[in-house]
Amino acid sequence: MIRTLSSGAVLAAVLFAGSAYGASRDENLADPIVGVEDAVLTDAPNVPPPIHRDHATKVIIHLEVRELEGRLADGVRYTFWTFGGHVPGKFIRIREGDEVEFHLDNHPNNKNPHNIDLHAVNGPGGGAAASLTAPGHSSVFSFKALNPGLFVYHCATAPVAMHVGNGMYGLILVEPKQGLPKVDREYYLMQGDFYTHGANGEQGLQPFSMAKALDEKPDYVVFNGSVGSTVGDNALSAKVGETVRLFVGDGGPNVTSSFHAIGQIFDTVYPEGDLSAPAHNVQTTAIPAGGAAVTEFKMSAPGTFILVDHSLERAFNRGALAQLKATGPEDKLVYSGKQFDLVYQPEGTGIRVVTQGVQAPVAHTKDERVKLGADVFTNNCQACHQENGEGVPNAFPPLAKSDYLNGDKIRAIKTVTGGLETKLVVNGHEFNGVMPAWSLSDEDIADVLTYVYNTWGNSGLEVTPEEVNSHRIQAKP
Ligand code: HEC
Ligand SMILES: [Cu+2]
């Protein structure tokens, strides 16, 4: 079962502690660091190779945060916030006792500050406080991996549900010293729930809905960042007779996974990502939001196996479904040969006009401007300033009855077109965040500011495209 026995101490631990995996925290703390190496990071469904080192080392990790538009479902686009360019974030694999030098790089094109909380860290915020990073900056902190196991990492910047809901999570495996049992294939799957302004299947670029996230009513529950990420040509694969290990995480932010493989019993499950206490012959394993599990099984029949969240409405209507295709000889005794064939038909897939690239409508009256501005607000501002304009305490200032906004229209135009990074006081409360500069047209900015000025009890001013044009800080898009 055990691949390598690196030292007498480990051998003794295995003999005396039965199936215990890994050393104690004190042993790992005292483990001397020998050498330096760069971590191998992979995108799902791939996993970095097993670690064959017999000593702890210094591991350097560079993880780059990117805010990128991508596919959430057919015809549905979404602005994902990612650790490394994809959802879930890069898979990190280290060994217990390793000292990690962690670099969190926030790409200069990003609009938001981010940080990282690794559940593999013993320290305040799991690294969050030390890693809060503005766009165009990089933070460095280090930690020693004291506990083996499979851990979730995620962004913990306020509002956390929004950062996590936009895809900011991934897995870090801290391998026990003696390694994991050898298998033929390893894969990485991570579930997450998504909250969009439009209903499931509504076409076009969908902004994040804070209201639905607060209600814990996801429009999509998916594996690896999108509906159908891991089906058809992108399905996981294995051969009959091979052993497969799945590292499965649940990023949430809200929904627990009842992880199940249709037609395949898990020979071994390491529940809660705890590598010391495997369970056997498991049908469905519960993976909490912010938790992980490892499942292992031997492929005994060819065919397409469906991996789901067994809260089945999520699997068949919201996207929590992946495929594992096994090839090889049939054994009629094990399996009769009838194949599960799946059609995925989310509600409302009828093609709707995608407004992107289409000439934006122009307002002729103040009322029209307010109406168009409401859409610009929903798509660009609401995520931070909130649907009710109240903002989020200590993170995003209110636009509702804001003295800063109502005090000076030109300053408001400059704020939206040029961004704002200085400390400021709004209605007596101090804010020191990053307001991104918006590359929107004169029309859009005039519309959104007019909407803001005519909502939530604000002063009722109109802002015209001409005014935006003569006071804008950034060049027009
Ligand atoms: C990613 C989060 C975020 C988004 C999205 C965002 N803002 Fe802001 N906004 C902020 C932060 C943070 C501040 C405070 C900046 C500071 O502390 O220097 C701010 C400040 C402001 C202010 C001045 C302070 C106040 O409360 O009156 C205005 C006006 C404003 N934003 C308007 C907008 C508009 C209009 C949009 C959409 C086009 C928008 N913001 C989108 C984060 C955001
Ligand atoms: Cu973030």
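Engineer: Explanation requested: helix α6 (residues 366-380) in the structure shown.
Structural biologist: Two residues of an α-helix separated by three or four positions point the same way, owing to the 3.6 residues in each turn. For α6, which comprises 15 residues, the first-to-last C-alpha distance of 20 Å matches the rise-based estimate of 21 Å (1.5 Å per residue) to within 8%. Listed in full, the buried residues belonging to α6 are R369, V370, L372, G373, V376 and F377. Buried residues in α6 make contact with α7 (382-385) and α10 (442-453).

Engineer: Teacher, can you tell me more about the site of ligand 1 here?
Structural biologist: In the region of ligand 1, 31 residues are neighbours, and C381, C384, P397, G433 and M435 sit closest. Those elements that place two or more of their residues in the shell around ligand 1 are α7, α8 (403-407), α9 (409-418), β22 (424-426) and α10. Its residues assigned to classes, the shell around ligand 1 shows 21 nonpolar, 8 polar and 2 charged.

Engineer: Whenever I open this one, the nonpolar core confuses me. Can you help?
Structural biologist: For soluble globular proteins, the rule of thumb is that nonpolar side chains tend to be buried together. Ranked by size, the top nonpolar core spans 110 residues in total, and within it F151, L171, L189 and L449 carry the most contacts. If one sorts the elements of this core by residue count, α10 sits on top with 7 residues. The residue makeup of this core includes at least three contributed by each of domain 1 (1-346) and domain 2 (366-471). If near-sequence neighbours (up to four positions away) are discounted, L449 is found in contact with A412, I413, V416 and V463.

Engineer: Help me out: how do you make sense of α10 in this one?
Structural biologist: In a regular helix each residue adds 1.5 Å, so 12 residues correspond to 16 Å; α10 covers 16 Å between its end C-alpha atoms and thus fits that length. Among all positions in α10, only D442, E443, D444, I445, A446, D447, V448, L449, T450, Y451, V452 and Y453 are buried. Contacts made by the buried residues of α10 are with α6, α8, α9 and α11 (465-471).

Engineer: Before we go on, may I ask you to explain the confidence of the model for the protein chain in this structure?
Structural biologist: On average, residues of the protein chain score 88 in pLDDT, and 89% of them reach the 70 mark or higher. Segment residues 1-20: pLDDT under 50, and 23 contacts once partners within four positions in sequence are set aside and those in other chains are kept. In this model residues 346-358 is a low-confidence stretch, pLDDT under 50, and it forms 21 contacts with partners more than four residues away in sequence or in other chains.

Engineer: What's the story with the sheet that holds strand β8 (residues 149-154) in this structure? I'm lost.
Structural biologist: Sheet strands pair via backbone hydrogen bonds, and the direction of the pair is either parallel or antiparallel. Strand order in the open sheet formed by 4 strands is β4-β9-β8-β6, and the pairing between neighbours is mixed. Two strands close off the open sheet at either side, each with one partner strand: β4 (92-95) and β6 (117-118). With 2 bridges joining them, β6 and β8 adopt antiparallel strand pairing. Residue pairing for β8: D117 is matched across the bridge by H154.

Engineer: Would you mind showing me how to read the environment of H137 here?
Structural biologist: Locating H137 in the fold gives a position in strand β7 (residues 137-144). Residue classification places H137 among the partly exposed residues on the basis of 13 C-beta atoms within 10 Å.

The rules we used
Residue numbering note: each chain is counted from 1, following its sequence as written. For this description, chains carry letters from A and ligands carry numbers from 1, given in the order in which they are written. Per-residue local features of the predicted model are confined to residues with pLDDT of at least 70, and side-chain atom pairs are confined, for both listing and counting, to 80 or more; whole-chain, interface and lining totals are unaffected and use all residues. The numbering of helices and of strands both runs from the N terminus, where a helix is a DSSP run of H or I of at least 4 residues and a strand a run of E of at least 2. For a helix, the expected span equals 1.5 Å multiplied by the residue count minus one. Exposure in this text rests on C-beta crowding, where 20 or more other C-beta atoms within 10 Å of a residue's own make it buried, 12 or fewer make it exposed, and counts in between make it partly exposed. The C-beta atoms are placed from the backbone. Contact between two residues is assigned when their C-beta atoms, built from the backbone, lie within 7 Å. Note on definitions: a residue is near a molecule or strand provided its C-beta atom, placed from the backbone, lies within 6 Å of it. Any residue outside Ala, Val, Leu, Ile, Met, Phe, Trp, Tyr, Cys, Pro, Asp, Glu, Lys and Arg is labelled polar, Gly included; the first ten of those are nonpolar and the last four are charged. Defined on buried residues, the nonpolar core groups Ala, Val, Leu, Ile, Met, Phe, Trp, Tyr and Cys residues joined through C-beta atoms within 7 Å. All the domain ranges listed were derived from an automatic or database domain assignment. Across the chain, each position has a pLDDT score giving the predictor's confidence in that residue, from 0 to 100. Being paired, for any two strands, means DSSP has found at least two bridges between them.

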